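What follows is the residue order along each chain.
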Amino acid sequence: MKAAIYARVSTEEQTQNFSIENQLDHLRRFCQQHDYQISKEYVDPGYSGTTLNRPALIKLLEDAKAKLFDIVVVYKLDRFFRSNRHLFNTLGEWEVIGVSLASVTEPFDTSTTMGKAYLGMASTFAEWERNTFIDRGRDGIRKALEKGFYSGGTIAYGYRLNPATKKIEIDEEEAKIIRDIFSWILQDSESCISIAKRLNAMNVPTRYIKQERKFRDNRLPTGTRLPTGIWRPARVYEMLRNPAYKGTWEFGKGNKKRQTIKLTCPAIIDERTFAEAETRLKDNCLWSDRTSKKNYLLRSLIKCDACGHNYTGYTSLTTANKEYSYYRCTTRADGDKKCQSPNIKADTIESAVWKQICEYIENPDVAKEHLKAKYDVCKQAGYVSELAQNKHRLEELKQAEQRLLVKYADPTNNYSEEALNGALNEIRGNRQEVQDRIKELERLIVTEDEEIRRLNDVTEMLNQLKDKVRVATPKTKQKICKLLVKEIRVGRNEDGATRLNIKYYFDKELIKNNGEFEQLSKPIRV
């Protein structure tokens, strides 16, 4: 009988008694004892048994279909597969073509009835053993992470691993670049593209260049290549959105099958700076000119009431080659027939909104009084005061936990472990509530500060453009609309008529709706 022998070892099993040489030695002796003629040896070093993407295994399955042997011999069942589904699918195909499976260390042979029965049990236990190993590994990683130890994964630019403590710490040389990047986007209003160009012009080395890492490239004779060392806009964008820089390290976020673990790490920037940068990135995406052929005044401000998507501007041509500009829901622009929101003539809505804005700007006394009332000083001060109180409370809870642990360690105190755990759980529960409230207050303060900045910008804009508003450039008009228009909602009434709901950052009572939108109450047909 012709036999094929298969041996496999994964990377983490190299140190165990599963070496390739040891398996092949047992396999050859087994075949000799059973008078099997070895037709070919298949070896997969460094591959997991959970995947089918193994070079030697793929070749073995192809040769089995070609009936180049009668039986496949493995040292142990889990050397072949660690998944019941993979195993039984393969054996089902082999049963049709007449190929069986045998194991050196397990008493089964699929050419016999008893062997098939034992195979089912052995396969189930192999898969159970693997799942147990994975669960234990995950628990170990989680415990190590909770203690602040590095447990694998990419270390973000600006950080490094301390070999002595096995913990992540700030790399001050790279951290300076991180702070500069956040400063450039906030203070200098630069985009990711311009920041990448600036870093390249300064000859700032990338992480891969500093570490002299190489990429695998099978097109080259050496099989590897050096990185280009060029900063890309996409890389800058990822860095600006990485929460590690504000002190939140997310472990496992690149693996969709694994739950992301959020932990703390040394912060390079504060949460307020990170939130402002995130807002600026969103604004850059909405207001970028790279895909716009026409300067639409209300770009990114109009939303669909039916599906919640943005309205975008587009232009159509008549048979007389005359252009007409409209705003329409992005889902309709993509060919989605489900959204029945109406199209809006650009000239009609833009002229109406701009007229109201001009009236607002040309009445600075009313505008300034409104802006002054808009900002609630007491509310902002209340957030700051509550934040200070909660931080003080958090410090008290940390000290209470330390005192409790010290008392438990004192042999003169008769504290039971059950009593200790109960007290610790209560303290830690209260601490988590306080930490959550601190995060919420910091978010509210950032939001209030953003609102203050916006309102201050509006006040400055009113003073600068009062005399020039009627002759403002399209870009200036767009900026003013962005500052004063909060949102425009477009939908339909029950009778099919177009419905507009325009929200300004000023009260609607300040400027009366003098019939400007009456023509929009009728359905607009394109």
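All of these numbers come straight from a predicted model, not from anything done at the bench.

### Observations regarding the packing of helix α7 (residues 192-201) against helix α9 (residues 233-240)
Here is step 1: The geometry of α7 relative to α9 is characterised by a closest axis approach of 8 Å and an angle of 110° between their N-to-C directions. Relative to α9, α7 is oriented roughly perpendicular. Counting all contacts with α7, which are made through Cys-192, Ile-193, Ile-195, Ala-196 and Leu-199, the residues of α9 involved are Pro-233, Val-236, Tyr-237 and Leu-240.
Here is step 2: Partitioned by chemical class, the residues of the contact of α7 with α9 number nine nonpolar, no polar and no charged.

### Examining the side chain of His-86
Here is step 1: Along the polypeptide, His-86 turns up in helix α4 (residues 84-97).
Here is step 2: For His-86, a relative accessible area of 11% translates into the label buried.
Here is step 3: Ignoring anything within four residues of it in the chain, the contact list for His-86 reads Thr-50, Leu-52 and Phe-81.

### Focus on the nonpolar core
Here is step 1: Formed by 33 residues in total, the largest nonpolar core has its most connected members in Tyr-159, Ile-181, Leu-199 and Tyr-245.
Here is step 2: Those elements giving two or more residues to this core turn out to be β6 (167-170), α6 (172-186), α7, α9 and α10 (271-287).
Here is step 3: Counting residues in hydrophobic clusters, the runner-up holds 28 residues, among them Tyr-311, Ile-344, Ala-472 and Leu-484.

### Topic: unusual backbone geometry
Here is step 1: Backbone geometry at Lys-67 places phi at a positive 55°, although glycine is not the residue there.
Here is step 2: Its place among the elements puts Lys-67 in the loop between α2 (55-65) and β3 (71-74).
Here is step 3: Its identity as a non-glycine residue notwithstanding, Asn-203 has a phi of 55°, on the positive side.
Here is step 4: Tracing the sequence through the fold places Asn-203 in the loop between α7 and α8 (207-211).
Here is step 5: Taking the relative accessible area as the measure of exposure, Asn-203 reaches 66% and is therefore exposed.

### Details of the confidence of the model for the protein
Here is step 1: Chain-level pLDDT for the protein is 76 on average; 70% of the residues reach the 70-or-more range.
Here is step 2: Confidence drops under pLDDT 50 across residues 508-526; counting only partners more than four residues distant or on other chains, this segment forms 33 contacts.

### Comments concerning the packing of aromatic side chains
Here is step 1: Enumeration over the complete set of coordinates arrives at eleven aromatic pairs.
Here is step 2: Arranged with centres 5.8 Å apart and planes meeting at 70°, the rings of Tyr-6 and Phe-80 form a pair that is edge-to-face. Here Tyr-6, found in strand β1 (residues 2-9), pairs with Phe-80, found in helix α3 (residues 77-80); they are 74 residues apart in sequence, far enough to count as distant.
Here is step 3: A residue is classified by how much of its surface remains accessible, and Tyr-6, at 0% relative accessible area, is buried.
Here is step 4: Ring geometry for Phe-80 and Phe-81: centres 4.4 Å apart, planes at 50°, overall tilted.
Here is step 5: Residue placement shows Arg-328 over the ring face of Tyr-314; its charged tip is 3.8 Å from the ring centre.

### Things to note about α2
Here is step 1: Within the sequence span of α2, burial applies to Ala-56, Leu-57, Leu-60, Asp-63 and Ala-64. Mapping the buried residues of α2 onto a view down its axis gives an arc of 125°, with all of them on the same face.
Here is step 2: Close packing links the buried residues of α2 with β1, β2 (37-45), β3, α3 and α4.
Here is step 3: Downstream of α2 by a residue or two, Lys-67 has a phi angle that is positive, lying close to 55°.

### Quick word on the sheet that holds strand β11 (residues 302-304)
Here is step 1: The three strands are arranged β11-β15-β16 in an open sheet whose pairing can be described as mixed. Of all strands in the sheet, those with a lone pairing partner are β11 and β16 (498-504), marking the two edges. Pairwise comparison of adjacent strand axes, ignoring direction, gives a mean angle of 25° for this sheet.
Here is step 2: With seven bridges joining them, strand β15 (residues 485-492) and β16 adopt antiparallel strand pairing. From the neighbouring strand, Glu-487 faces β16, where its bridge partner is Lys-503.
Here is step 3: Here helix α12 (residues 346-361) sits on the sheet in contact with β11, β15 and β16, set at roughly 30° to β16.
Here is step 4: The strands touched by helix α16 (residues 474-484) are β15 and β16; relative to β15, the strand with the most contacts, the crossing angle is about 85°.

About the cut-offs
Residues numbered from 1 in each chain as written. Predicted model: local features only at pLDDT ≥ 70, side-chain atom pairs only at ≥ 80, totals over all residues. Heavy atoms only, no water. Axes fitted to C-alpha atoms, helices over the stretch in contact; angles between N-to-C directions. Helix = DSSP H or I, 4+ residues; strand = E, 2+ residues; numbered from the N terminus. Parallel < 35°, antiparallel > 145°, perpendicular 65-115°, else oblique. Contact = heavy atoms within 4.5 Å. Nonpolar A, V, L, I, M, F, W, Y, C, P; charged D, E, K, R; others polar. Buried < 20%, exposed > 50% of the residue type's maximum accessible area, 1.4 Å probe, protein only. Core = buried A, V, L, I, M, F, W, Y, C linked by side-chain atoms within 4.5 Å. pLDDT = per-residue confidence, 0-100. Phe/Tyr/Trp six-rings, centres within 6.5 Å; stacked < 30°, edge-to-face > 60°. Lys NZ or Arg CZ within 6 Å of the ring centre and 35° of its normal. Arc of directions from axis to C-beta. Pairing = 2+ DSSP bridges.

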